[in-house]
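# Secondary and tertiary structure notes
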Amino acid sequence: MKYSIILAIVATLGLSACEKTVTNNPAPVAAAPETVVVPVPVPVPGPTGKAGTDGATGASGATGATGSSGDAGLTGATGATGATGTTGTPGTDGSKGDKGEAGKGGDTVIVVPPK
């Protein structure tokens with residue numbers, strides 16, 4: 001802390017001891033004598049002349065030639081018919097079920113198979 005106070009005092013004394021430079025502005029330059037502008041006569045334009053005639057129209061360009069059409073392609077050949085498959089062998093008959101028992105009377109239940 002004591003060093004910072006000493007440093008501040010030395011810096012203040014060092015800056016106040018500097019010599020200040022004084023600058024003098026140069027004296028203003030005397031104005032040049034006033035220039036007199038002399039008006040120059042301007043010629044007045046004459047009347048406008050009459051319009052000229054239109055020029056000739058240019059010739060039309062030639063029409064370009066039409067291109068030729070290309071040849072039609074050939075039709076492809078028809079493919080051969082495939083071979084017919086062989087006929088399958090007939091299936092065998094299934095075995096027969098046992099004969100059902102005679103009814104004993106009572107309630108008859110009919111079961112309808114699902115579709």
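Everything numeric here is computed off the predicted structure, so don't read it as measured data.

About the thresholds
- Residues numbered from 1 in each chain as written.
- Predicted model: local features only at pLDDT ≥ 70, side-chain atom pairs only at ≥ 80, totals over all residues.
- Heavy atoms only, no water.
- Helix = DSSP H or I, 4+ residues; strand = E, 2+ residues; numbered from the N terminus.
- Buried < 20%, exposed > 50% of the residue type's maximum accessible area, 1.4 Å probe, protein only.
- Areas by Shrake-Rupley, 256 points an atom, 1.4 Å probe, with all protein chains shown as cover.
- Patch = residues over 30% accessible without salt bridge, like charges linked within 9 Å, V, L, I, M, F, W, Y side chains within 5 Å.
- Salt bridge = Lys/Arg side-chain N within 4 Å of Asp/Glu carboxyl O.
- Expected span 1.5 Å × (residues − 1).

## As for the overall build of the chain
In terms of regular secondary structure, the chain is built from one helix and zero strands. Per-residue burial for the chain yields a buried fraction of 0% across its 115 residues. About 12800 Å² of surface is accessible on the chain, with carbon and sulfur atoms providing 60% of the total.

## Thoughts on a nonpolar patch on the surface
Taken together, the side chains of Ile-5, Ile-9 and Leu-13 present a nonpolar region at the surface, about 300 Å² in accessible area. With respect to the secondary-structure elements, Leu-13 resides in helix α1 (residues 2-16). For Leu-13, a relative accessible area of 55% gives the class exposed.

## Remarks on α1
For α1, built from 15 residues, the straight-helix expectation of 21 Å at 1.5 Å per residue is met to within 8% by its first-to-last C-alpha distance of 22 Å. Little of α1 is tucked away: zero of the 15 residues are buried.

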